[in-house]
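Single-letter residue listing:
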Amino acid sequence: MYDPVQLRTFLTVAQTLSFTQAAGRLGVRQSTVSQHVRRLEEATGRPLFVRDTHSVELTEDGEALLGFARTILEAHERAAAFFTGTRLRGRLRFGASEDFVLTRLPEILESFRHQHPEVDLELSVELSGTLHERLDAGRLDLVLAKRRGPGDERGRLVWRDRMVWIGAEGLRVDPDRPVPLIVFPPPGITRARALEVLEREGRAWRIACTSGSLSGLIAAARAGLGVMAHTRGLIPPGLVRVGGLPELGPVEFALLQGRTAERAAGGRTTSAAAEALAAAILSGGDRLSRPA
């Protein structure tokens, strides 16, 4: 009843919220993406997306299908792996942004380790800016991190969202005083975006707290020390959106592979382990768009 190819297309659209971006990631035409979604909507008898010329959003039925689609695809992939009899081996150095500490990324990694027990997975959790630097230096094989900003199209898009200002409930930012900021240290991409936006709007600011860990920033924000820029879909419990500040714009999370995991021609992976983990993250990307 539910074609795995159509389900994979559906998950990709749900993660990118863009038929165009989904087509690019899957390597098919946009008309093919539309056709897959239309056939899946015919199979379910329900609309899965609300879309216009400017935006794409999941319907309630679309949200419900996410879990079913992921379960069906995981079963399909386990069966394929079992009957092909391939076993992956080797070391895989994987870096993940601090943003995903409180998401369901551990579930994806646990499933990967269960399916590929002979892969030595080395996990590094760092700021996105640091991960980019380590990847470029050849010290990581695969990275899941924020793109550096508009115009950065490196890697495969996993998930797109918007950045918002958050803080403790009831916190108000005095427009006549410097904005108290809770930020990662350099080279944090979120930090750079916050400072750039405030300076462009002529808003004075001061650093109220700096921490290299997301848990440290959250603790400071819950204490009411100031505001922090954060991904809209991952707002931690106890924190809410804060108004009265300039728009922060969109944010994109992408998978990037290092030179050691790519061929020189075409950028296609030569590391089966890196490609297997990338596929697992891409198929389970909706788990990353909400807190655990």
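Everything quoted here is computed from the prediction, not taken from an experiment. (Residues numbered from 1 in each chain as written. Predicted model: local features only at pLDDT ≥ 70, side-chain atom pairs only at ≥ 80, totals over all residues. Heavy atoms only, no water.)

Chemist: Summarise the overall build of the chain; cite the residues concerned and give the values.
Modeler: Within the chain one finds 9 helices and 11 strands. The C-alpha radius of gyration computed for the chain amounts to 20 Å, which stays within 12% of the reference 19 Å derived for 292 residues, consistent with globular compactness. Across its three principal directions, the C-alpha atoms of the chain cover 65 × 45 × 35 Å. Residue pairs at least 24 apart in sequence account for 75% of intrachain contacts in the chain once pairs closer than 6 positions are excluded. Summing over all exposed atoms, the chain offers an accessible surface of approximately 14500 Å²; the carbon and sulfur share of this is 50%. (Helix = DSSP H or I, 4+ residues; strand = E, 2+ residues; numbered from the N terminus. Rg over C-alpha atoms; globule rule 2.2 N^0.38 Å. Contact = heavy atoms within 4.5 Å. Areas by Shrake-Rupley, 256 points an atom, 1.4 Å probe, with all protein chains shown as cover.)

Chemist: Account for the side chain of Gln257, with residues named and values stated.
Modeler: One can find Gln257 in strand S11 (residues 250-257). Overall, the relative accessible area of 12% leaves Gln257 in the buried class. Among the polar contacts made by the side chain of Gln257, one reaches the side chain of Arg156 at a distance of 2.7 Å. (Buried < 20%, exposed > 50% of the residue type's maximum accessible area, 1.4 Å probe, protein only. Polar contact = N/O pair within 3.5 Å; in protein donor to acceptor, adjacent residues only side chain to side chain.)

Chemist: Quick rundown of the pairing of strand S3 (residues 90-97)? Include the residues and the values.
Modeler: Counting buried residues along S3, 6 of its 8 residues qualify, which places the element largely inside the surrounding structure. As judged from the 8 bridges shared by S3 and strand S4 (residues 119-126), these two strands associate in the parallel manner. In the sheet register, Ser97 faces S4, and the bridge partner there is Glu126. Taken together, S3, helix H5 (residues 105-115) and S4 form a β-α-β motif whose crossover is right-handed. Pairing of S3 with strand S5 (residues 142-146) involves 3 bridges; the strand directions are parallel. Looking at S5, one finds that Ala96 is bridged to Leu144. (Pairing = 2+ DSSP bridges. Right-handed = clockwise from strand over helix to strand, strands pointing away.)

Chemist: With reference to specific residues and values, describe unusual backbone geometry.
Modeler: Following Pro186, the chain continues into Pro187 via a peptide bond in cis, with omega recorded as 5°. By secondary structure assignment, the location of Pro187 is in the loop between strand S7 (179-183) and helix H7 (189-200).

Chemist: I'd like a description of the pattern of salt bridges, backed by residues and values.
Modeler: Evaluated as defined, the whole model comprises 15 salt bridges. For Arg134, the salt bridge is made with Glu126, and the minimal N-O distance between the two is 3.6 Å. A relative accessible area of 29% means that Glu126 is categorised as partly exposed. When the shortest N-O distance is used, the salt bridge between Glu252 and Arg160 registers 2.9 Å. Pair noted here: Glu252 is in strand S11 and Arg160 is in strand S6 (residues 156-168), with a separation of 92 residues, a long-range link. (Salt bridge = Lys/Arg side-chain N within 4 Å of Asp/Glu carboxyl O.)

Chemist: Outline the environment of Gly155, listing residues and values.
Modeler: Following the sequence through the fold, Gly155 ends up in the loop between S5 and S6. Gly155 sits in the partly exposed class, given a relative accessible area of 40%. Separated by 56 residues in sequence, Gly155 and Ser211 place their C-alpha atoms 28 Å apart. Sequence-distant contacts of Gly155, that is, excluding residues within four places in its chain, are made with Arg147, Leu255 and Leu256.

Chemist: Describe the nonpolar core, and please don't skip the residues or the numbers.
Modeler: Ranked by internal contacts, the top residues of the largest apolar core, which has 41 residues, are Leu144, Trp165, Val227 and Ile281. Of all the secondary-structure elements, those providing two or more residues to this core are S3, H5, S5, S6, S7, H7, S11 and helix H9 (272-283). Among the elements that take part in this core, H9 stands out by supplying 6 residues, more than any other. Setting aside residues up to four positions removed in sequence, Ile281 forms contacts with Phe94, Ile108, Leu144, Val158, Leu255 and Leu288. Judged by nonpolar contacts, the second largest core, of 19 residues, contains Ala14, Ala23, Leu40 and Leu66. (Core = buried A, V, L, I, M, F, W, Y, C linked by side-chain atoms within 4.5 Å.)

Chemist: Describe the packing of H5 against H9, with residues and values.
Modeler: Where H5 contacts H9, the axes come no closer than 10 Å and their chain directions differ by 140°. Comparing the axis directions of H5 and H9 gives the class oblique. Between H5 and H9 lies a crossing of right-handed hand. Seen from H5, the contacting residues are Ile108, Leu109 and Phe112; seen from H9, they are Ala273, Ala276, Leu277, Ala280 and Ile281. Class assignment of the residues belonging to the contact of H5 with H9 gives a composition of 8 nonpolar, no polar and no charged. (Axes fitted to C-alpha atoms, helices over the stretch in contact; angles between N-to-C directions. Parallel < 35°, antiparallel > 145°, perpendicular 65-115°, else oblique. Left-handed = near helix turned anticlockwise from the far one by under 90°. Nonpolar A, V, L, I, M, F, W, Y, C, P; charged D, E, K, R; others polar.)

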